[in-house]
Amino acid sequence: MKVTVRVPASTSNLGPGYDSLGMALSLQAKFTFEPSDELVIEGCPEAYRNADNLVMQGFRMVCEKAGRPVPAVHLVIDSEVPVARGLGSSSTCIAGGMAAANAMLGNPFTTDDLFQLCTAFEGHPDNAAPAFLGGLTASFMHEGRAVAVPFSPDPAWRFVAVIPNYEVRTEEARRIVRRDIDLSAAVHTMSHAIAMVRGLETGDEALVGAACADVLHEPYRRTLIAEYNAMRAMALEAGAATFFISGSGSTMIAATKSEAVAEAFVAKVRETWPDFAARVLTVCHEGTTVTVED
């Protein structure tokens with residue numbers, strides 16, 4: 001059989017929702033699997049064309065969980081999701097491999113089973129949830145299991161992703177965040193994350209603009225992105241409702257419901273930082289999808 005898996009990119013945190021809020025975006029990674037006499041991987045750098053490829057790690061985990069041998073496959077990767085830029089590239093790879101293996105084995109696992117496996121692999125569910133489920137999700141751990149609560153953002157939102165030509169290492173982005181916070185910071189985070197979800201659902205730009213203020217991670221992580229302050233000022237001046245770091249960076253996102261504002265900001269970014277990519281994205285309401293051809 002030939003199995004094709006499509007997985008959306010995702011942004012996590014969305015300002016105050018540190019390690020809990022995630023949203024699928026309209027960039028897509030496509031993975032095509034066919035039986036083969038030996039492992040063959042196309043569509044990625046030579047260094048990753050082996051069994052340690054993240055896609056194959058996800059594929060192997062599902063086979064092992066099912067107690068089945070890992071078949072040799074011909075894998076073709078066709079991904080729009082930039083690697084190591086804070087747009088969930090690792091989750092797309094892991095989810096893609098897991099979903100493909102599950103299909104090849106006759107679907108012994110549910111989507112929630114795969115979500116649990118992906119969360120266990122990554123250590124947190126904020127990107128895994130939107131990768132599998134699509135839309136906006138709030139995720140948390142309960143009694144050893146990941147729980148994902150889905151929400152439906154207003155379809156009018158436009159998210160301008162500015163992707164620098166350098167990465168911010170996740171390890172450094174996590175190391176720089178403080179481990180101890182006071183009660184006022186905890187209250188700020190809870191209240192603002194709840195309001196952020198509501199604002200995205202209702203399309204309330206003023207509420208999103210007020211709710212997106214973060215005190216847990218962005219004050220520290222913005223120091224790892226030299227252009228952050230200038231970029232944020234440019235986005236707000238252009239009329240964006242808010243501006244935040246996508247995941248651990250280096251991608252930054254401006255949110256607006258105006259197509260004109262989004263396009264004007266993209267034009268300014270491309271003029272000022274020609275080496276950076278800038279794209280207008282929307283919410284992807286569909287998560288991981290699988291197509292099987294006999």
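Residues numbered from 1 in each chain as written. Predicted model: local features only at pLDDT ≥ 70, side-chain atom pairs only at ≥ 80, totals over all residues. Heavy atoms only, no water.

Per an unreviewed UniProt entry, the protein is named Homoserine kinase, and its organism is Sutterella wadsworthensis 2_1_59BFAA. Quoted verbatim from the Subcellular location (unreviewed entry) field of the UniProt record, the comment on the protein reads "Cytoplasm". Under the heading Function (unreviewed entry), UniProt records this for the protein: "Catalyzes the ATP-dependent phosphorylation of L-homoserine to L-homoserine phosphate." (UniProt positions renumbered as here; feature names shortened; annotations may be inferred.)

*Asks:* So what about the overall build of the protein? Which residues, and what values?
*Replies:* Broken down by element type, the protein carries 10 helices and 11 strands. Computed over the C-alpha atoms, the radius of gyration of the protein is 19 Å, within 12% of the 19 Å expected from 2.2 N^0.38 for a compact globule of 294 residues. Projecting the C-alpha coordinates of the protein onto the three principal axes gives extents of approximately 55 × 45 × 35 Å. When burial is assessed residue by residue, the protein has 50% of its 294 residues classed as buried. Entry remark: accessible area of the protein is about 12,900 Å², with carbon and sulfur atoms responsible for 52%. With 23 positive and 35 negative side-chain charges, the protein shows a separation of 2 Å between the mean positions of the two kinds. (Helix = DSSP H or I, 4+ residues; strand = E, 2+ residues; numbered from the N terminus. Rg over C-alpha atoms; globule rule 2.2 N^0.38 Å. Buried < 20%, exposed > 50% of the residue type's maximum accessible area, 1.4 Å probe, protein only. Areas by Shrake-Rupley, 256 points an atom, 1.4 Å probe, with all protein chains shown as cover. Lys, Arg positive; Asp, Glu negative; His and termini not counted. Charge placed at Lys NZ, Arg CZ, Asp CG, Glu CD.)

*Asks:* So what's going on with the layout of surface pockets? Residues and values would help.
*Replies:* The calculated volume of the largest pocket comes to roughly 1,100 Å³. Within the residue set of the lining of the largest pocket, elements represented by two or more residues are β1 (2-13), β2 (17-35), β4 (73-79), α2 (89-104), α3 (111-122) and α5 (170-175). No other element matches α2, which puts six residues into the lining of the largest pocket. Split into classes, the residues belonging to the lining of the largest pocket amount to 14 nonpolar, 17 polar and 10 charged. Taken domain by domain, the lining of the largest pocket gets at least three of its residues from each of domain 1 (2-152 + 284-293) and domain 2 (158-281). (1 Å grid on protein atoms, 1.4 Å probe; cavity = no way out; pocket = protein on both sides within 12 Å on 5 of 7 lines; lining within 4 Å. Points joined across faces, edges and corners; volume = space filled by probe spheres on them. Nonpolar A, V, L, I, M, F, W, Y, C, P; charged D, E, K, R; others polar. Domains from an automatic or database assignment.)

*Asks:* Describe the pairing of strand β7 (residues 158-163), and please don't skip the residues or the numbers.
*Replies:* Regular strands place side chains that alternate from one sheet face to the opposite one. With five of six residues buried, β7 is to be regarded as a mostly interior element. Note: β7 against strand β9 (residues 252-256), five bridges, orientation antiparallel. Following the sheet pairing, R158 is matched in β9 by T256. Judged from the five bridges that link them, β7 and strand β10 (residues 277-281) form a sheet pairing that is antiparallel. The residue bridging I163 from the neighbouring strand is A277, located in β10. (Pairing = 2+ DSSP bridges.)

*Asks:* Now, about the pairing of β4: what can you tell me, with residues and values included?
*Replies:* Relative to β4, β2 runs antiparallel, the two being bridged by seven bridges. Bridging across to β4, K30 finds its partner in D78. Judged from the three bridges that link them, strand β3 (residues 40-42) and β4 form a sheet pairing that is parallel. Directly across from E42, in β4, lies its bridge partner V76.

*Asks:* Summarise the packing of helix α1 (residues 54-65) against α2; cite the residues concerned and give the values.
*Replies:* At a minimum axis distance of 7 Å, the contact between α1 and α2 shows a crossing angle of 40 degrees. One element, α1, and the other, α2, form an angle in the oblique class. By crossing handedness, the relation of α1 to α2 is classed as right-handed. Residues L54, V55, G58, F59, M61, V62 and C63 of α1 form the contact with α2, whose own contacting residues are S90, C93, I94, G97, M98, A100, A101, N102 and M104. Residues that form the contact of α1 with α2 fall into these classes: 12 nonpolar, four polar and no charged. (Axes fitted to C-alpha atoms, helices over the stretch in contact; angles between N-to-C directions. Parallel < 35°, antiparallel > 145°, perpendicular 65-115°, else oblique. Left-handed = near helix turned anticlockwise from the far one by under 90°. Contact = heavy atoms within 4.5 Å.)

*Asks:* Would you mind going over the nonpolar core in detail, with residue names and values included?
*Replies:* Generally speaking, a soluble globular protein has its nonpolar side chains buried in company with each other. F31, F33, F59 and F159 are the most contacted members of the largest nonpolar core, which has 62 residues in total. Considering every element that reaches this core, the biggest residue donor is α2, with nine residues. When residues are assigned to domains, this core turns out to be shared by domain 1 (2-152 + 284-293) and domain 2 (158-281), each giving three or more. The contacts of F31, once residues within four sequence positions are left out, are V3, T4, V5, V7, V55, L75, V76, I77, T92, C93 and G96. Core analysis: the second largest hydrophobic core is formed by 22 residues, V162, M234, A235 and W273 among them. (Core = buried A, V, L, I, M, F, W, Y, C linked by side-chain atoms within 4.5 Å.)

*Asks:* Before we move on, can you summarise the packing of aromatic side chains with the specific residues and values?
*Replies:* With the rule as written, the count across this model stands at five aromatic pairs. Ring centres 6.2 Å apart and planes at 25 degrees place the aromatic pair W157 and F159 in the stacked group. Accessibility expressed as a relative area gives 1% for F159, which makes it buried. Where W273 meets F276, the ring centres are 6.3 Å apart and the plane angle is 10 degrees; that geometry is what we call stacked. Given a relative accessible area of 16%, W273 falls into the buried group. A relative accessible area of 9% means that F276 is categorised as buried. Following the ring pairs from residue to residue traces out a cluster consisting of Y166, W273 and F276. (Phe/Tyr/Trp six-rings, centres within 6.5 Å; stacked < 30°, edge-to-face > 60°.)

*Asks:* Can you explain the side chain of T189? Please cite residues and give values.
*Replies:* Tracing the sequence through the fold places T189 in helix α6 (residues 183-202). Since its relative accessible area comes to 12%, T189 is described here as buried. Among residues more than four places away in sequence, those in contact with T189 are P16, V215 and L216.

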